[in-house]
Each structure stands twice: as structure tokens, then as C-alpha cells.
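Secondary and tertiary structure notes
One letter stands for each residue in the lines below.
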Amino acid sequence: VQLQASGGGLVQAGGSLRLSCAASGRTFSSYDMGWFRQAPGKEREFVAAITWSGGNTDYAASVKGRFTISRDNAKNTAYLQMNSLKPEDSAVYYCAARTKWNAQYDYWGQGTQVTVSS
């Protein structure tokens, strides 16, 4: 599966953005999806994940209650709704796919830059 992330941009603190991850291929619904981010000088970190059906989600503690991961299998797209953004959320955001929950992510999209100004 090929992944294309989009929706990043510049937003003020407290604002919102919605990232999208469009997948190619007809098997999108068989993959669990995740979002990760990497800020300059820092390691890539987990943000959120969702099962193939959308029935189970997981979030990093730093974004829980502010971010929501979702997916639309009919549109081959996963989303990350980000609310109450903080400057520390600034990073390049990546979407990824894996075939099983708790397995490693096998497929990665290119990143989309999110910058939150104070």
C-alpha cells in the first residue's frame, strides 16, 4: 500500500488542523493505521493508531483528549483531527500502515509539516 499524507500547515496555538492519509490499493481496509511525528532534533514518536475496522484506537498521553484518529475505508483514507494545538505539537507528521495490531509498521507515507505558533 502507498500512503500520501496531507493537511499540514501553520496554525496558531489553540487552533485545529485535520490531517489526511490517502492510501492506494484495494486492501486499505485490511490495515491498521497509525500517525507518528518527528520534531527537529528529536526521535520519531507515536501519536495515534486505529484498527482496520475503526473499532479500537490508541493515543499517546500527550495528545489524548485533543487529537482524534479516524478512518473511512470507503475512501481509503485515515484522518487525524488535531484540536487545541500547542507549539510543542509542531513536527513533521507521518502516517503508517501495518497488517496486525502491535506489529511493526511496514508502510510509511511522506510527512506533512505542522507548525503551531505561540
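Predicted model only: the values in this text are computed from it and were never measured. (Residues numbered from 1 in each chain as written. Predicted model: local features only at pLDDT ≥ 70, side-chain atom pairs only at ≥ 80, totals over all residues. Heavy atoms only, no water.)

Structural notes on the overall build of the protein
- Across its full length, the protein holds zero helices and 11 strands.
- In the protein, the succession of α and β elements from N to C terminus is β-β-β-β-β-β-β-β-β-β-β.
- Against the compact-globule benchmark of 13 Å for 118 residues, the protein has a radius of gyration of 13 Å, which places it among compact chains.
- With the C-alpha coordinates of the protein rotated into their principal frame, the extents come out at 40 × 25 × 25 Å.
- For the protein, buried positions account for 42% of its 118 residues. (Helix = DSSP H or I, 4+ residues; strand = E, 2+ residues; numbered from the N terminus. Rg over C-alpha atoms; globule rule 2.2 N^0.38 Å. Buried < 20%, exposed > 50% of the residue type's maximum accessible area, 1.4 Å probe, protein only.)

Focus on the nonpolar core
- Residues Met-33, Trp-35, Val-47, Phe-67, Leu-80, Met-82 and Tyr-93 are the most contacted members of the largest nonpolar core, which totals 30 residues.
- Contributing elements (two or more residues each) for this core: strand S1 (3–6), strand S3 (17–23), strand S4 (32–38), strand S5 (45–50), strand S7 (67–72), strand S8 (77–82), strand S9 (91–98) and strand S11 (112–117).
- Leave out the neighbours within four places in its chain, and Phe-67 touches Arg-37, Val-47, Tyr-59, Leu-80, Gln-81, Met-82, Asn-83, Leu-85, Asp-89 and Tyr-93. (Core = buried A, V, L, I, M, F, W, Y, C linked by side-chain atoms within 4.5 Å. Contact = heavy atoms within 4.5 Å.)

Here's the deal with the pattern of salt bridges
- Summed over all chains, the structure comprises three salt bridges.
- The salt bridge involving Arg-37 is made with Glu-45; its shortest N-O contact spans 2.5 Å.
- With a relative accessible area of 6%, Arg-37 lands in the buried category.
- Asp-89 is paired through a salt bridge with Arg-37; the nearest N and O atoms lie 2.9 Å apart. You can see Asp-89 sitting in the loop between S8 and S9 and its partner Arg-37 sitting in strand S4, a full 52 residues away along the chain.
- Judged by relative accessible area, which is 1%, Asp-89 ranks as buried.
- One network of salt bridges, with partners in common, ties together Arg-37, Glu-45, Arg-66 and Asp-89. (Salt bridge = Lys/Arg side-chain N within 4 Å of Asp/Glu carboxyl O.)

What about the sheet that holds S3?
- The four strands are arranged S1-S3-S8-S7 in an open sheet whose pairing can be described as antiparallel. Unpaired on one side and paired on the other, S1 and S7 mark the two borders of the sheet. Taken over all neighbouring pairs, the strand axes of this sheet differ in orientation by 15° on average, direction set aside.
- In this structure, S3 lies alongside S8, joined through six bridges in antiparallel fashion. Paired with Ala-22 across the strands is Thr-77, a residue of S8. (Pairing = 2+ DSSP bridges. Axes fitted to C-alpha atoms, helices over the stretch in contact; angles between N-to-C directions.)

Thoughts on the pairing of S5
- Pairing geometry for S4 and S5, over five bridges, is antiparallel. What sits directly across from Arg-37, in S5, is Glu-45.

Focus on the packing of aromatic side chains
- In this structure the tally under the stated criterion is five aromatic pairs.
- Aromatic side chains Tyr-31 and Tyr-107 sit 5.6 Å apart centroid to centroid with 85° between the ring planes, which places their arrangement in the edge-to-face category. With a gap of 76 residues between them, Tyr-31 in the loop between S3 and S4 and Tyr-107 in strand S10 (residues 107–108) connect regions that are remote in the sequence.
- Assessed through its relative accessible area of 10%, Tyr-31 is described here as buried. (Phe/Tyr/Trp six-rings, centres within 6.5 Å; stacked < 30°, edge-to-face > 60°.)

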